[in-house]
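# Structural overview for review
Listed here are the chains, written in short residue letters.
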Amino acid sequence: MILRRRLLAALGALALLPAARLDAQTGEDPLAPYLWTARPVVVFANNDRDPRLLRQISEFERVAADLEERDVVVIVDTEPGPSRYETTDLRRKFRPHDFNVIVVGKDGEVKKRSPQPMTGDSLARLIDRLPIRQQELGRR
């Protein structure tokens, strides 16, 4: 919990949400509130101290303004649960193995899955190539 508070404080303007706040255990899509309004980036790790998670969050901190400009909401899930049935709705939806970064577009579709931390620049480039982002920028 201390790490989550530190992460929330460090990222400031960039929305960073722990997965537990999203889980209603209703069976509904846990990312439905973000459909057409934000680009969720879901980071899965097996615990709060995973070095890949810490490196990924550090990278997000570095490019926080760029991510905010692109309507990115970072969601961190460090609750693997005792089984795949007794876990978070996000883990049931995406079925990550170990560490995973999943970029979801405003349309709700998965745009990229990465088993390694992503650089902030590569994430920004990926988002900028998406058709909806192109429309937002008036390029189409």
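Our structure is the block above this text.
This one's a predicted model, so the numbers in the text were calculated from it and none came from an experiment.

## Considerations on the overall build of the chain
The helix and strand inventory of the chain stands at seven helices and five strands. Starting at the N terminus, the α and β elements of the chain follow one another as α-β-α-β-α-α-β-α-β-β-α-α. Sequence separation of at least 24 residues holds for 69% of the intrachain contacts in the chain that already meet a minimum separation of 6. Carbon and sulfur atoms make up 50% of the accessible area of the chain, which totals about 7500 Å².

## Description of the environment of Asn-47
Inspection of the secondary structure puts Asn-47 in the loop between β2 (39–44) and α3 (51–62). On the basis of relative accessible area, Asn-47 is assigned to the partly exposed category, the value being 30%. Between the alpha carbons of Asn-47 and Phe-99 there is a distance of 9.5 Å; along the sequence they are 52 residues apart. Dropping the residues within four chain positions of it, Asn-47 is found in contact with Leu-53 and Thr-78. From its side chain, Asn-47 meets the backbone nitrogen of Arg-49 in a polar contact 2.8 Å long. Looking at Asn-47, its side chain comes within polar contact range of the main-chain nitrogen of Asp-50, at 2.9 Å.

## Structural notes on the nonpolar core
Counting 18 residues, the largest nonpolar core has Val-41, Val-43, Leu-53, Phe-60 and Leu-123 as its most contacted members. For this core, the secondary structure elements donating two or more residues are β2, α3, β3 (72–77), β4 (100–104) and α6 (120–129). Core analysis: the second largest hydrophobic core is formed by 11 residues, Ala-38, Phe-44, Phe-94 and Ile-102 among them.

## Things to note about the pairing of β2
Across the six residues of β2, six count as buried, placing the element largely inside the fold. Of the two faces of β2, the one holding Arg-39, Val-41 and Val-43 and the one holding Pro-40, Val-42 and Phe-44 are both buried throughout. For β2 and β3, the ladder comprises six bridges, and the chain directions are parallel. Looking at the pairing, Val-41 lines up with Val-74 of β3. The pairing of β2 with β4 spans four bridges and is classified as antiparallel. The residue of β4 that forms the bridge with Val-43 is Val-101.

## Points about unusual backbone geometry
Although it is not a glycine, Asp-71 sits at a positive phi angle of roughly 60°. Tracing the sequence through the fold places Asp-71 in the loop between α4 (64–69) and β3. Of note, the phi angle at Asp-98 is positive, near 65°, even though the residue is not glycine. Looking at where Asp-98 falls in the secondary structure, it is placed in the loop between α5 (89–94) and β4.

## Section: the pairing of β4
Of all five residues making up β4, five are buried, and the element is well covered by its neighbours. Going residue by residue along β4, you find Asn-100, Ile-102 and Val-104 tucked away on one face and Val-101 and Val-103 tucked away on the opposite face as well. One ladder, built from four bridges, connects β4 with strand β5 (residues 110–114); its direction is antiparallel. Note that in β5 the partner of Val-101 across the bridge is Ser-114. Taken together, β4 and the strand that follows it, β5, pair antiparallel across an intervening segment of five residues, in which Gly-108 is found at a positive phi of about 85°.

Conventions adopted
Residues numbered from 1 in each chain as written. Predicted model: local features only at pLDDT ≥ 70, side-chain atom pairs only at ≥ 80, totals over all residues. Heavy atoms only, no water. Helix = DSSP H or I, 4+ residues; strand = E, 2+ residues; numbered from the N terminus. Contact = heavy atoms within 4.5 Å. Areas by Shrake-Rupley, 256 points an atom, 1.4 Å probe, with all protein chains shown as cover. Buried < 20%, exposed > 50% of the residue type's maximum accessible area, 1.4 Å probe, protein only. Polar contact = N/O pair within 3.5 Å; in protein donor to acceptor, adjacent residues only side chain to side chain. Core = buried A, V, L, I, M, F, W, Y, C linked by side-chain atoms within 4.5 Å. Pairing = 2+ DSSP bridges.

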